[in-house]
Amino acid sequence: FELDILKFFSKLWKLDDYWGYVTNSGTEGNLQSILIARENFPDGILYASEESHYSVFKAAKFYRMEAVSISTSWEGSIKLDYLKQEISKRNDKPVIINVNIGTTVKGAVDDLEGVLNILKELNIPRSRFFIHCDGALFAMMLPFLDNTDDINLSLDFTLDIDSIAISGHKFLGCPMPCGVMMTRKQLMQPLLKPIEYLNSVDSTIT
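The following paragraphs examine the structure supplied in this document. The residue count restarts for each chain, going from 1 along the sequence in the order it is written. Side-chain atom pairs in this predicted model are given and counted only at pLDDT of 80 or more, local residue features only at pLDDT of at least 70, and totals for whole chains, interfaces and linings cover all residues. To obtain the side-chain values, all non-hydrogen atoms of the structure were used and water was disregarded.

### A few points about the overall build of the protein chain
To keep it simple, the criterion reads: Counting from the N terminus, the helices are DSSP H or I runs at least four residues long and the strands are E runs at least two residues long. Atoms counted for the radius of gyration: C-alpha only. Globule rule: 2.2 Å times residue count to the power 0.38. Contacts are residue-level and defined by heavy atoms, with any inter-residue pair within 4.5 Å sufficient. Per-residue accessibility takes into account occlusion by the displayed protein chains alone, with areas from the Shrake-Rupley method and a 1.4 Å probe. Residues counted as positive are Lys and Arg, residues counted as negative are Asp and Glu, and His and the chain ends are not counted. The atom standing in for a charge is NZ when the residue is Lys, CZ when it is Arg, CG when it is Asp and CD when it is Glu.
Helix and strand content of the protein chain: 5 helices and 9 strands. Put simply, the protein chain runs from its N terminus to its C terminus through helices and strands in the order α-β-α-β-α-β-α-β-α-β-β-β-β-β. A compact globule built from 206 residues should have a C-alpha radius of gyration of about 17 Å, and the protein chain, at 16 Å, falls within 12% of that. Projected onto the principal axes, the alpha-carbon positions of the protein chain cover approximately 50 × 40 × 30 Å. In the protein chain, the share of contacts with a sequence separation of at least 24, taken over all contacts with a separation of at least 6, comes to 68%. Carbon and sulfur atoms make up 52% of the accessible area of the protein chain, which amounts to about 10,700 Å² in all. For the protein chain, the separation between the mean place of its 20 positive charges and that of its 27 negative charges on side chains is 5 Å.

Written out as structure tokens, the structure is:
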């Protein structure tokens, strides 16, 4: 069942070489994704808007990561000029960014394209950043919406993102603990620890 669910989401989010699992919640998806980011970039700085889900800053506390909270505009999305300013202060360190695809209170969607443009403007190579998309609210919905010339809300792995987490409780209304997270398979290498008596690897938080 779990493999079929992951196959569904890999097609929805356009990722062939994937790793993921069915989590207990959107929170666990965020914790797992930010752990993957930290393991790939041990000295990376986490940037997230002040209206990000509490689990994002909880992850930073768990993993003893430096986290920078970025101001938001009136509708709740991250202020790109503030983000650029904060990254440029620390451009000697890898960049880990939490992009909200629907904030908890206002349903705000951060400008992913704008975030990627900032990284280009600051000449941060692809090998020096990790973007996690907290899509607990809308990442299940956006792939089914038609984009227009004015509004582009695309979300899939053809963009330079590294992980997506969703909650089964919100849009899907799942009655039991449920979420899904997915990442690029090669990013899991630092986390795969073989466990002899399981004849498998330890890779997930739980």
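### Some thoughts on unusual backbone geometry
So the rule is basically this: A simple rule labels every residue: compare its accessible area, found with a 1.4 Å probe on the protein chains alone, to the largest value its type can have, and call it buried under 20%, exposed over 50%, or partly exposed in between.
Even without being a glycine, arginine 64 presents a positive backbone phi close to 55°. Its relative accessible area of 80% is what places arginine 64 among the exposed residues.

### Some thoughts on the pairing of strand S6 (residues 163-167)
Two faces, one strand: in a regular strand the side chains alternate between the faces of the sheet. The condition that has to hold: Two strands qualify as a pair provided DSSP detects at least 2 bridges between them.
Judged by how many residues are buried, S6 sits mostly within the fold: 5 of 5 residues are covered. Alternating residues of S6 divide into Ser163, Ala165 and Ser167 and Ile164 and Ile166, and every residue in both groups is buried. Sheet topology places strand S5 (residues 129-134) next to S6; 3 bridges connect them, and they run parallel. Bridge pairing in S6 links histidine 132 to serine 163. Where S6 and strand S7 (residues 179-184) come together, 5 bridges link them in antiparallel fashion. The residue of S7 that forms the bridge with alanine 165 is methionine 181.

### Section: the pattern of salt bridges
The criterion, for reference: Take a side-chain nitrogen of Lys or Arg and a carboxyl oxygen of Asp or Glu: if they are within 4 Å of each other, that pair is a salt bridge.
Throughout the structure, instances matching the rule amount to 9 salt bridges. Across the salt bridge formed by glutamate 51 and lysine 106, the nearest N and O atoms sit 3.3 Å from each other. Residue glutamate 51 is found in the loop between strand S2 (45-49) and helix H3 (54-62), and its partner lysine 106 is found in the loop between strand S4 (95-100) and helix H5 (112-121); the two are separated by 55 residues along the sequence. Residues joined by salt bridges that share partners form a network here, namely Glu66, Glu86, Lys89 and Arg90.

### Digging into H3
Inclusion rule: It is the directions from the helix axis to the C-beta atoms that the arc portrays.
For H3, every residue scored as buried is listed here: Ser55, Val56, Ala59 and Ala60. Projected down its long axis, H3 carries its buried residues within an arc of 150°, all on one side. Across from the buried face of H3, at angles greater than 90 degrees, the exposed residues are Tyr54, Lys61 and Phe62. Two residues or fewer after H3 comes arginine 64, characterised by a positive phi angle close to 55°.

### Remarks on the nonpolar core
Here is the rule we go by: Throughout this description, the term nonpolar core refers to a set of buried Ala, Val, Leu, Ile, Met, Phe, Trp, Tyr and Cys residues connected via side-chain atoms within 4.5 Å.
Judged by nonpolar contacts, the single largest core of 35 residues is most densely connected at Ile97 and Ile131. In terms of residue count, the dominant contributor to this core is H5 (5 residues). Setting aside chain neighbours within four positions, we find isoleucine 97 in contact with Tyr47, Leu83, Ile87, Val115, Leu119, Phe130, Ile131 and His132.

### What to know about the sheet that holds S4
This is how it is decided: Interaxial angles span 0 to 180 degrees and are taken between N-to-C directions of axes, which are lines fitted to C-alpha atoms, for helices over the stretch in contact.
Ordered by their spatial adjacency, 7 strands build an open sheet running S1-S7-S6-S5-S4-S2-S3, and the pairing between neighbours is mixed. Of all the strands in the sheet, just strand S1 (18-23) and strand S3 (67-70) have a single pairing partner and so form its edges. When strand polarity is set aside, the average angle formed by the axes of neighbouring strands in this sheet is 15°. In the packing of H3 onto the sheet, contacts are made with S2, S3 and S4, and the angle to S2 comes to roughly 160°. Together, S2, S3 and S4 form the strand contacts of helix H4 (residues 80-89), whose direction differs from that of S3 by roughly 155°.

### Quick look at the packing of helix H2 (residues 26-40) against H3
The condition is simple: When an angle is under 35 degrees it counts as roughly parallel; over 145 it counts as roughly antiparallel; between 65 and 115 it counts as roughly perpendicular; any other value is oblique. When the near helix sits turned anticlockwise from the far one by under a right angle, the crossing is termed left-handed; a clockwise turn instead gives a right-handed crossing. Under the scheme applied, nonpolar residues are Ala, Val, Leu, Ile, Met, Phe, Trp, Tyr, Cys and Pro; charged residues are Asp, Glu, Lys and Arg; polar residues are all the others, including Gly.
Following both chains from N to C, one finds H2 and H3 inclined at 40°, their axes separated by 9 Å at the closest point. With respect to H3, the axis of H2 lies oblique. Once H2 is placed against H3, the crossing between them reads as right-handed. Every residue of H3 that contacts H2 at Thr27, Asn30, Leu31 and Ile34 is listed here: Tyr54, Ser55, Val56, Ala59 and Phe62. Its residues assigned to classes, the contact of H2 with H3 comprises 6 nonpolar, 3 polar and no charged.

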